[in-house]
2 protein chains.
Amino acid sequence: MIYSIKGFDKTKLKLHETLFHNANGYLGVRSCFEEGYPEGFGTIRGMYVSGVYNIAEMPQAEPLYGFVDKKQAVVNIADAQGIELYIDGERFSPFDGEALEFERALDMEAGVTCRRIHWRSPRGKEAEVLIKRMASFVKPSLFTIEYCVTPLNFSGEIRVISGLNGHVTNHGNPGDPRVASERRRHMDVQDELVIDGVDYVVSATSRSGIKVCVGAGHKTRGLARSGPGFIGIAKPGVALVLEKYVVVVDSRRHKDVLKAAQKEMQALKSELSSHYDAQKAYLADFWERSAMEIEGNGDLNLAMRFNLYQLLQSAPEDSVCGMAAKGLSGEGYEGHCFWDGEMFAFPALLLTQPEIARKMLMFRYNTLNAAIENARFIGHKNGALFPWRTINGTECSGYYPSGAAQYHINGDIGYAVVQYWLVSGDVEFMQNAGLELLLQISRLWLDTGHYHNGRFMINGVTGPDEYTCMVNNNYYTNALAKHNMRWTAKLAETAGLASAAESLGIRGEELKAFRQAAEAMYLPYDKNLGINPQDDSFLQKPVWDFGNTPPSHYPLLLHYHPMHLYRFQVCKQADVVMAHFILEDEQSRETMEKSFLYYEKVTTHDSSLSKPIFCAVAAKLGVMNKATGYFKDSANLDLRDSHGNTSDGIHTANMGGTCMAALFGFAGLRINDEGISLEPRLPPDWQGFTFRIMYRGELREVRITRDGKGCAVNGVKTDGGRVSLRHLSP
Amino acid sequence: MIYSIKGFDKTKLKLHETLFHNANGYLGVRSCFEEGYPEGFGTIRGMYVSGVYNIAEMPQAEPLYGFVDKKQAVVNIADAQGIELYIDGERFSPFDGEALEFERALDMEAGVTCRRIHWRSPRGKEAEVLIKRMASFVKPSLFTIEYCVTPLNFSGEIRVISGLNGHVTNHGNPGDPRVASERRRHMDVQDELVIDGVDYVVSATSRSGIKVCVGAGHKTRGLARSGPGFIGIAKPGVALVLEKYVVVVDSRRHKDVLKAAQKEMQALKSELSSHYDAQKAYLADFWERSAMEIEGNGDLNLAMRFNLYQLLQSAPEDSVCGMAAKGLSGEGYEGHCFWDGEMFAFPALLLTQPEIARKMLMFRYNTLNAAIENARFIGHKNGALFPWRTINGTECSGYYPSGAAQYHINGDIGYAVVQYWLVSGDVEFMQNAGLELLLQISRLWLDTGHYHNGRFMINGVTGPDEYTCMVNNNYYTNALAKHNMRWTAKLAETAGLASAAESLGIRGEELKAFRQAAEAMYLPYDKNLGINPQDDSFLQKPVWDFGNTPPSHYPLLLHYHPMHLYRFQVCKQADVVMAHFILEDEQSRETMEKSFLYYEKVTTHDSSLSKPIFCAVAAKLGVMNKATGYFKDSANLDLRDSHGNTSDGIHTANMGGTCMAALFGFAGLRINDEGISLEPRLPPDWQGFTFRIMYRGELREVRITRDGKGCAVNGVKTDGGRVSLRHLSP
């Protein structure tokens, strides 16, 4: 399936750099023009490597104890995108002359992006320039550019100069707290050399001591090396081709980056077509497992494919780092991983690519010691506190009330561990990592909370909704803490994990304490409204004056002081509604329904994480018109740039959330102790919905079709109720 | 009365720079050695001018909307302290040779500080060096140094070089959030010139555009100008004297600073002795009005004098700026004014020097527009929000949860206005400033709070206790807001102020709204404990684990993350107890007593503002042993450097608080609508307590003596009850 746009739109360059970026979980390359833009056209020209970061100062205005004053930042590595083209002496640029045709495409089956320009030079020479780019899923160090020029109406000299530039900086935007505020040079070139005709640049980050080697080798058709570039003779209709093989390696994964890069450069010996074939085969397998097919709505179907493809591009290739909020598509949020990974991207991947899901959890396990140190540093006597935002496992949030105070990150990781267990049944993972993660997470809950009038309470934390910070008994947090502690106790006594529990030194009293706290967990409930209040004081606050808030004042966070926002009932995103989505057994359907309606009225959806959750819960509750609306907004968020900041990178959480909304919302998928089940409710314009899931090592296709007023799953009528997938075909 | 220390202690140089600083409300000079210290001995060599500041960047780690990223900072102006002395070729320094005698003294009646050294040079020459310094209260631009050298056992050449150095920086301490973190150069020299034998340096701040001219003129006895200094012939027993007249003027008060400085330099024409005389006369009047006499405890008596003297030195000489937390004695808190002025320093000054109190309030009135803008900027639709810390009236707090969120600053200012009115009956002030201040303050309360179940609530603010931030219904804040609104409504309808109310556009409905909100104000009360909870959730939190907190972990703010601290019942300072102190009619004696005992157990007194308030309330409740202990700690805080940071400046709030504790605590002084009354309870070792107060323009002496188990006021027995001062002599 292909996502493409036609026509040359100079106003959306940065947006398209994001939408057409190439990534493979290790390496990300924004889709900048090889030839660059003229001055005055902004670009975020960048190549990024998962887990490769620098340390940057983050001075605190008032540096109180424990405030983080250094952060990690994703670095822009050496730029290997550059290719200059001269057509009979005229430099190619769609900004000059005329782009008679201009098309960009992402082929999600081939795993390549293309840019095709039918160009007329200022002097009237015409040529077709076709550029195909790929970040290899099979060989993650490899990025290729196939640069093909076909003269159309002239003969003469074609000159191509291909660059490798180590002198790069990161980008900045002082006006948006969601991007780094300053342009920074993070990497310095240590060596530039040519070995066997291949260019290499070795750079090192200025403070984190990470080295990156980027190599660029070339193969040509109809072009010959000459001086700093390649020269060929233009003949109308005859294509001249430069193949650029770029390899990237880093010192977090390789001891000697130059040697490793040379080894990876062996890729140059294989035909580009064989790399394309391997990419295609990889994606055939991916789609075989992951494709979701919406019948009857082609646009949505394309959007879903796009979202799934972006998730794959963003999903970490190993466990050196987690999934960043923007994947590898830009510098937004400085390349940090948040809860977006575990709670939004993870579930869809877990159901189809459990090996990726496992890698994501192993990143958390690899940084568990840092989380334990972090908890101790803050003042906790027990447990681990995971960082709200990080690349290497240490905390990077500069404003803790909507950062480090979001203790639910712990709960989210614990929840993901349990979900992984339920879907995979992977005993080995639980023995070696999962149980220990849960144990340290539960210990932190016990240390953070306390009993008050017989109820277990957790004070002074921030839930998912960032317009209400530092509250007592955030429903979402408490419900997750309950879940974490209950499961820790349960799993520690599960056959197969007992010896692991023993070697972790888990004592019976500790499990008893977890169970007691879970049992006694205070989950706020308001009798009058019949809803779960977001926290102890949420309902005591006045409702935000939405009527007198002009549209230009959204998102509110860019127009009101946080302490002012915090005084009102106004939510940036789903909070209680999200808790109801992930922990639906905690409350009655009526409470969920009332809560949904209540919070919907006070939620601005200023966060891209909000609508997918409202969609899923609306679908569950059968409010199909709302569910459908939320879904359309979610599915197209980046494609339509509806938050206005896709230039800075894709919204992986929103994309994952959209998949969750389809699976858990419309298909009504549930996975629990007893197995896997469905309770589908399709939007009116969906004729059918087909997807596959990998459950306990078995791949299974689910096809939901309309059947009268209800649905059928793989031919079995559901009658609007829950059906167990085990009882269905095949 | 003289405070003096003997002996040369090299380890307390910075502390003594503070304790012996000279200031007059306009100008402050730290008591650094004219000759400087050798390398390795830290100094905070500084001269400061009230209201003269620079702008410094204060980058926010995550710059959310409304976060303050620039601050004002007091600037160290050109250094006029420098005097080098050469005794027959040997440079004088008590660090070299031997200080056979060394004494420093502050004469609080003469208004001068002295340093006297009997010095033996490395080569055995002996001389007495006597240095007298004064910041003139009568002529605030003037600071003088009388530098007197008496050779004792030799003849030879005496050379003195007097300096004026514009190339100065501010000081910094990266480890303490209460001081600026970096050394900064705030002023650049614009001009250095000599006019009529007087040196002038004109400097300008780098960003705030404020100019300062410092002039230094000299007169001598036995010394003659020679080259860069002065030379004289030493004869045993014959004193050689250099008189240095330093004048300082600034462009916030003078258009042409050089001209103004030249004019002020006319002071040089008067004998130094006449300046001394004027100083003495000024102080005679001050002590006539302000002296507090504790009979039977000389140490405490001296400490009280010291505190009163420092308050006078710190009290603003005009309304360009308020009283900084450290007065003019150092760079702690960067010269900012907090609530310390209104709530701690103001009351003692109000009762004896009402004209100073008025100036302090006029500073707030002069910055009312900035406070209105601030409120609008944050999101408030009405009212004014005064900055938590400021020099020029705009907010400088970098961490708003324990900064700008302390809305009680508004209430404090409103309270001070009412106190001023009650004591002075100054209709003109109320017409021109006081009522408008109250109006804008009350409007902010109406805008910030809201009705919930019929009660008026104020959410999301921080009370005085900075170990509990961003809470709902802080008792202190709510009680003050009630007071403010009640008084605004009352005063707006008071005869004499009606026309002012009209011209301010106060409407009847508005007054009604103030009264209603005040009436409905929610003041948290816990039935079980019989106390006022500090806020809605204070009592729900677990008590801090004091038993397992080692002494080295105090103050807690330097050892625990704020979000961790906020989760516990632990107070940095008086909060509810302070509310009971200033608004005692709100609660029964029993509630106050129980509250006092409750909060005492969870208060660390990590703030220097805490113990004076606990003292006053203990005295009121008759818990005399506690009151006495708190008082001793309070009265001597700076003299004993018990918070370890007096080097950075005096604690004016603590000093004012100590006076309050004596007056309102031990003397039981009260001022309200009905007049002025006393209910004395003296500590066991006080034989008597005498003080004077200026009430409605009349100065009146109060003498409290022991009379059996009770007390007598001016000879009238109180029988432990309240007596009206109006009914007593004279």
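What you see is a predicted model, and the numbers here were worked out from it, not measured in a lab. (Residues numbered from 1 in each chain as written. Chains lettered and ligands numbered in written order. Predicted model: local features only at pLDDT ≥ 70, side-chain atom pairs only at ≥ 80, totals over all residues. Heavy atoms only, no water.)

For this particular structure, what's the right way to read the overall build of chain A?
Scanning chain A from terminus to terminus reveals 18 helices and 29 strands. By the compact-globule yardstick of 27 Å for 730 residues, chain A fits well, its C-alpha radius of gyration being 26 Å. The dimensions of chain A, computed from C-alpha atoms along their principal axes, are 85 × 60 × 60 Å. Counting the 730 residues in chain A, one finds 66% classified as buried. (Helix = DSSP H or I, 4+ residues; strand = E, 2+ residues; numbered from the N terminus. Rg over C-alpha atoms; globule rule 2.2 N^0.38 Å. Buried < 20%, exposed > 50% of the residue type's maximum accessible area, 1.4 Å probe, protein only.)

What am I meant to see in the confidence of the model for chain A here?
Regions with low pLDDT should not have their predicted coordinates read in detail. The share of residues in chain A with pLDDT of 70 or more is 100%, and the mean pLDDT across the chain is 95. Overall fold confidence (pTM) sits at 0.95, and the ipTM for the predicted complex is 0.93. (pLDDT = per-residue confidence, 0-100.)

When you look at the interface of chain A and chain B in this model, what are you seeing that I'm missing?
One frequent convention defines the size of an interface as the accessible area lost when the parts assemble. Contacts between the two partners involve 52 residues from chain A and, on the opposite side, 52 residues from chain B. The interface formed by chain A and chain B holds 4 salt bridges in total. The closest approach of N and O atoms between B:Arg389 and A:Glu62, which form a salt bridge, is 3.7 Å. Looking at the side of chain A that touches chain B, the elements with two or more residues in it are strand E21 (450–452) and helix H13 (562–565) of chain A. When residues in the side of chain A that touches chain B are grouped by element, the largest group, 3 residues, is from H13(A). Of the residues that constitute the side of chain A that touches chain B, the class distribution is 27 nonpolar, 18 polar and 7 charged. (Contact = heavy atoms within 4.5 Å. Salt bridge = Lys/Arg side-chain N within 4 Å of Asp/Glu carboxyl O. Nonpolar A, V, L, I, M, F, W, Y, C, P; charged D, E, K, R; others polar.)

I would appreciate a short explanation of the relation of the copies chain A and chain B in the present structure.
Copy one and copy two of the chain differ by a rotation about an axis and a translation along that axis. Relative to chain B, chain A is turned by 180 degrees and slid 0.0 Å along the rotation axis, the superposed coordinates differing by an RMSD of 0.0 Å. What the superposition gives is, in effect, a two-fold axis relating one chain to the other. Taking C-alpha positions as the reference, the residue of chain A nearest the rotation axis is A:Gln60, at 2.8 Å. Comparing interface residues between copies, 100% of those in chain A also lie at the interface in chain B; the contact surface is shared. (Least-squares fit on C-alpha atoms with pLDDT ≥ 70 in both.)

Help me understand the environment of B:Gln534, please; the structure alone is not making it clear to me.
All names here are of chain B. By the element assignment, Gln534 lies in the loop between helix H12 (508–520) and helix H13 (562–565). Distance from Gln534 to Leu300, taken between C-alpha atoms, is 33 Å for residues 234 residues apart in sequence. Contact partners of Gln534, with chain neighbours within four places excluded, come to Asp465, Thr468, Asn473, Asn474, Tyr475, Cys571, Asp575, Val576 and Tyr599.

Explain the packing of aromatic side chains here, please?
Counting across every chain of the model gives 74 aromatic pairs over all chains. A centroid spacing of 5.3 Å and a plane angle of 70 degrees characterise the contact between B:Tyr333 and B:Phe338, whose relative ring orientation is edge-to-face. Grouping aromatic residues by their ring pairs yields a cluster made of A:Phe8, A:Phe33, A:Tyr37, A:Phe41, A:Phe95 and A:Phe102. Across from the ring centre of B:Trp487, 4.5 Å away, lies the NZ or CZ of B:Lys490, which sits over that ring. (Phe/Tyr/Trp six-rings, centres within 6.5 Å; stacked < 30°, edge-to-face > 60°. Lys NZ or Arg CZ within 6 Å of the ring centre and 35° of its normal.)

What is the right way to read the pairing of strand E10 (residues 112–120) of chain B from this model?
Regular strands show a simple pattern: their side chains alternate between the two faces of the sheet. Residue and element names in this part refer to chain B. By the criterion of burial, E10 is predominantly enclosed, with 7 of the 9 residues buried. Sheet topology note: the strand E9 (residues 98–107)/E10 ladder contains 9 bridges and is antiparallel. Bridging from a neighbouring strand, Glu101 pairs with His118 of E10. Inspection of the sheet shows E10 paired to strand E11 (residues 126–135) by 8 bridges, in the antiparallel sense. Across the sheet, residue Trp119 finds its bridge partner in E11, namely Ala127. The antiparallel pairing of E10 with E11 creates a hairpin that spans 5 residues between the two strands, and Gly124 there sits at a positive phi of about 95 degrees. (Pairing = 2+ DSSP bridges.)

Would you mind showing me how to read the pairing of strand E24 (residues 675–678) of chain A here?
Residues and elements named next belong to chain A. Here E24 shows no split at all, with Gly675 and Ser677 on one side and Ile676 and Leu678 on the other all buried. With 3 bridges connecting them, strand E23 (residues 670–672) and E24 associate as antiparallel partners. Residue pairing across strands places Asn672 opposite Gly675, the latter belonging to E24. The hairpin turn running from E23 into E24, its antiparallel successor, is 2 residues long. As judged from the 2 bridges shared by E24 and strand E29 (residues 723–724), these two strands associate in the antiparallel manner.

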